[in-house]
Amino acid sequence: MKYRVHRLEITMENDQSKLEQFLNNLEGEVVSIIPNIRKTSLFQIYGITRKIDFLLIIEKIK
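Bear in mind that the values here come from a model prediction, so they are computed numbers and not experimental data.

Below, the discussion takes up the pattern of salt bridges. Following the criterion strictly, the structure yields one salt bridge and no others. The salt bridge partner of Arg-7 is Glu-9, with a shortest N-O separation of 2.8 Å. Judged by its relative accessible area of 52%, Arg-7 falls in the exposed class.

Right, let's get into the confidence of the model for the chain. On average, residues of the chain score 86 in pLDDT, and 82% of them reach the 70 mark or higher. Mean pLDDT across the secondary structure elements of the chain bottoms out at helix α2 (residues 42-45), with 65, and peaks at strand β1 (residues 2-9), with 95.

About the criteria used
Residues numbered from 1 in each chain as written. Predicted model: local features only at pLDDT ≥ 70, side-chain atom pairs only at ≥ 80, totals over all residues. Heavy atoms only, no water. Salt bridge = Lys/Arg side-chain N within 4 Å of Asp/Glu carboxyl O. Buried < 20%, exposed > 50% of the residue type's maximum accessible area, 1.4 Å probe, protein only. pLDDT = per-residue confidence, 0-100. Helix = DSSP H or I, 4+ residues; strand = E, 2+ residues; numbered from the N terminus.

What follows is the structure, encoded as structure tokens:
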């Protein structure tokens, strides 16, 4: 089995269609989606800055 790891820059509030399009264009099977979450700060608690920078998407290739 071979795996491919993709990094997808995303803003969770605005990029749902971007994520959907990316997943539909993959050739293999999606094994896992791992969000990169920043450390919590006061800005994130009040919603000024985003918490998730990017997603790591692990694809299993046949």
